[in-house]
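Fold and geometry: a report
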Number of protein chains: 2
Amino acid sequence: MTESSRIKNPDGVRADARRNRERVLVAARAVFAERGIDAPMATVARRAGVGVATLYRHFPTRDALVRGAFTQQMETCARTLTEALADPDPWRGFQRLVETVCALQREERGFPAAFVAAFPDSTVEHAPSRERAERDLMTLVRRAQATGALRADFHPTDLAVALVAHCGLVSALPEDGAASRRLIAYLLQSFRADAANGPLPPPTSLSLHSFPLEASSRR
Amino acid sequence: MTESSRIKNPDGVRADARRNRERVLVAARAVFAERGIDAPMATVARRAGVGVATLYRHFPTRDALVRGAFTQQMETCARTLTEALADPDPWRGFQRLVETVCALQREERGFPAAFVAAFPDSTVEHAPSRERAERDLMTLVRRAQATGALRADFHPTDLAVALVAHCGLVSALPEDGAASRRLIAYLLQSFRADAANGPLPPPTSLSLHSFPLEASSRR
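Residues numbered from 1 in each chain as written. Chains lettered and ligands numbered in written order. Predicted model: local features only at pLDDT ≥ 70, side-chain atom pairs only at ≥ 80, totals over all residues.

This paragraph deals with the interface of chain A and chain B. At the interface, 36 residues of chain A touch 36 residues of chain B. Residue assignment for the side of chain A that touches chain B shows that the elements contributing at least two residues are helix 10 (156-172) and helix 11 (177-191) of chain A. Tallied by class, the residues present in the side of chain A that touches chain B amount to 21 nonpolar, nine polar and six charged. (Contact = placed C-beta atoms within 7 Å. Helix = DSSP H or I, 4+ residues; strand = E, 2+ residues; numbered from the N terminus. Nonpolar A, V, L, I, M, F, W, Y, C, P; charged D, E, K, R; others polar.)

What follows deals with the packing of helix 10 (residues 156-172) of chain B against helix 11 (residues 177-191) of chain B. The geometry of a pair of packed helices is captured by two quantities: the angle between their axes and the separation between those axes. All names here are of chain B. One way to put it is that helix 10 packs onto helix 11 with a least axis distance of 10 Å and a crossing angle of 160°. Here helix 10 lies roughly antiparallel to helix 11, going by the angle between them. The crossing of helix 10 and helix 11 is right-handed. Taking contact as the criterion, the partners of Ala162, His166, Leu169 and Val170 in helix 10 are, on helix 11, Ala179, Ser180, Leu183, Ile184 and Leu187. Classifying every residue of the contact of helix 10 with helix 11 by side-chain character gives seven nonpolar, two polar and no charged. (Axes fitted to C-alpha atoms, helices over the stretch in contact; angles between N-to-C directions. Parallel < 35°, antiparallel > 145°, perpendicular 65-115°, else oblique. Left-handed = near helix turned anticlockwise from the far one by under 90°.)

Relating the two copies of this chain is a rotation about some axis coupled with a shift parallel to it. When chain A is fitted onto chain B, the two copies agree to an RMSD of 0.1 Å after a turn of 180° and an axial shift of 0.0 Å. Such a combination of rotation and displacement between the chain copies is what one expects of a two-fold axis. Of the interface residues in chain A, 100% have counterparts in chain B that sit at the interface too, so the contact is made through matching surfaces. (Least-squares fit on C-alpha atoms with pLDDT ≥ 70 in both.)

Turning our eyes to something else, we now look at the confidence of the model for chain A. Residue and element names in this part refer to chain A. Averaged over all residues, the pLDDT of chain A is 84; the fraction at 70 or higher stands at 82%. When pLDDT is averaged over each helix and strand of chain A, the minimum, 52, is found for helix 1 (residues 3-8) and the maximum, 96, for helix 11. In the predicted structure, residues 119-125 sits below a pLDDT of 50 and forms 10 contacts with residues beyond four places in sequence or in another chain. The ipTM, which scores confidence in the relative placement of chains, is 0.81 for this predicted complex, and the corresponding pTM is 0.81. (pLDDT = per-residue confidence, 0-100.)

Right, let's talk about the packing of helix 2 (residues 10-35) of chain B against helix 5 (residues 62-69) of chain B for a bit. All names here are of chain B. Packing of helix 2 against helix 5 brings their axes to within 9 Å, and their N-to-C directions diverge by 95°. Taken together, the axes of helix 2 and helix 5 are roughly perpendicular relative to one another. Contacts between helix 2 and helix 5 involve Leu25, Ala28, Arg29 and Phe32 from the former and Leu65, Gly68 and Ala69 from the latter. When grouped by side-chain class, the residues that make up the contact of helix 2 with helix 5 number five nonpolar, one polar and one charged.

Next comes the structure, spelled out in structure tokens:
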């Protein structure tokens, strides 16, 4: 398509842009799954069959590309958090949240890498929805503690610790669903107040900011 | 050194070979820490300043190179297992074993990658010492269960699951000692019989063969 035909046909341009965007996202998921989230942006562009400039026009940063690639997974996480808050049994809501995020980590090979990669680089791009997600998680934790199900010394960052560890497990042993389920069962039992059999060392100061629990702002 | 001087001076040849071997090991630890255990052997050779042929003469397989690079860490694991077996309190021995392996995973940046990489490729090269390590671990687990400290449904492969997960955590968050210690504390508490508050899903069929608990055969 020439530059003049683009100008004459704005619908065609938009359709073209949409197709390119979709091809970039498919390529990104494949490349992230194979080579991790640090794979060069140029590799994603090459796989998608688009120029690097086109890729950057759609996704100006790696963070934007990662979020674009895993929008659906992040929406599921966000929805599960909302449902957990609505559950009359906050422990059951909490448990489902952990199980759902872990199931996504098992199912979508690139998602675990994206998940962990999100931690070090806390961007403020989507600050409002992140802050809400963090607040919602704190509320859920407090409620589950108030019912006496979740141990009192559980810290919200412990959820991040558990999920990053689970992520490492499924990355190392992608075919081993039994290992994943076994780890989740142990961790959930250890979070129960009736399992607490000793003090814990201090919690990490790990930020929850990049936690993929907020709804993606890109639709 | 020319070929004729090598022949005339066998001690010099041996000293030369020892130096090259040591340079390869230092390079391997650095490369594994930076790029993971899958880094090309040629990269290790280049970093060491030796030819690829020289590297392969010392370490014919990647497994041999990994084991060579982390001999000291593997010796520590093996010694801790022996000490755990000798401990009159088998739970304390078990707990120390977990904490020691995890501390090694935190301290030596390349070791976690080596540790996980060992799992998929179970080689039979060191079969006798591996079988002994596996037998020792089973003995320790049975004894800790017999005292009533370790839960009866704990399976020896759960230790592998816990260590691979911890490994993923320290790889993702290498500076976060608090996260590591917190995860270990939760897992150890969940392994206690007095914490068991529900059934567990079936254990993984993950092999323990490549578990770095046997003494290295290379001294």
